[in-house]
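Listed here are the chains, written in short residue letters.
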Amino acid sequence: MKASPEAQLRLLELADLDAELARLDHRRQTLPETAQLAQIDTRSSELRDGIVMADTELSDLDREQTRAERDVDQVRQRIDRDQSRLDGGQVSAARELSNLQSEVQSLNRRQSDLEEIVLDVMERREAVENRRAELAAEQSALAGENAELTTKRDTALKEIGEQAAKAETSRAEVAADIPADVLALYDKLRAQHGVGAAMLRRGQCQGCHLSLHTVDLNEIRAAAPDEVVRCEECRRILVRTDESGL
Ligand SMILES: [Zn+2]
């Protein structure tokens, strides 16, 4: 495989640009805002569920309160009726009188029990209302945080996108100067190892950082300048420069 020494140097530029593109991609994948937004999303859905649950409880308690208040009314009406019969002197038989009096007494107890229930429901209702208000407050605070983080994330993504577009343009220009077969080998190696071409620097491959054996160095030294050489250790394309120590 052959490529002019200039084209081989372009491979190093290509490797730098690919490294930058990989770095940008990694940054895009690991933006802290993305993780924070996901957390907010989870919490928001918990809050939504909590609010729905509180609303259900509130409407249940409303029904319970209405029922208890209606029961209180009914008992009260019965007491009033019995009381007016007693007061009106319509009941004269001793037995009937005593029955009516004990009924009024038991109705009074019943009324007070029912009033307790109403109070208890109202207290529970207040607790649920407080809980719902807390959830709603947290929800609205989170909505603000969410908007802020989304803006921050979008700004970061835009910036990364612009840098990546610039690097892609440069990459296309550089790639155009490299013979197609060499470029294909480079891309294949890059897919396998992450880095497709490395500089030979002071007898060391900058891809795997191993120093080449004298035999291999001698072979490289003997190779024509337009011969594409490979590292014996990592098989990456080795690019010779003034610093190669040959
Ligand atoms: Zn190597």
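See the structure printed just above.
Definitions and cut-offs
Residues numbered from 1 in each chain as written. Predicted model: local features only at pLDDT ≥ 70, side-chain atom pairs only at ≥ 80, totals over all residues. Heavy atoms only, no water. Donors = N, O, S within 2.8 Å, 3.2 Å for Na, K, Ca; no water. Core = buried A, V, L, I, M, F, W, Y, C linked by side-chain atoms within 4.5 Å. Buried < 20%, exposed > 50% of the residue type's maximum accessible area, 1.4 Å probe, protein only. Helix = DSSP H or I, 4+ residues; strand = E, 2+ residues; numbered from the N terminus. Contact = heavy atoms within 4.5 Å.

Visitor: Would you explain the coordination of the zinc ion in this entry?
Guide: Looking at the zinc ion, the protein donor atoms are C205 (SG), C208 (SG), C231 (SG) and C234 (SG), and they sit 2.2 to 2.4 Å from it. Here the donor residues of the zinc ion are spaced in sequence according to C-x2-C-x22-C-x2-C.

Visitor: Even after reading the chapter, I still don't get the nonpolar core, so can you show me in this structure?
Guide: The tendency in soluble globular proteins is for nonpolar side chains to be buried as a group. L11, L14, I178, V182, Y186 and I237 are the most contacted members of the largest nonpolar core, which has 26 residues in total. Mapped by element, the contributors of at least two residues to this core are helix 1 (5–29), helix 3 (94–176), helix 4 (180–193) and strand 4 (237–240). With 8 residues, the single largest contributor to this core is helix 1. The contacts of I237, once residues within four sequence positions are left out, are L11, V182, L185, Y186, L189, G196, A197, A198, V228, V229 and R230.

Visitor: Explain the side chain of Q111 here, please?
Guide: Among the secondary structure elements, Q111 is positioned in helix 3. The buried category is assigned to Q111, whose relative accessible area is 13%. Every residue in contact with Q111, bar those within four places of it in the chain, is listed here: V72, V75, R76 and I79.

No statement about biological role is implied by the geometric values presented.
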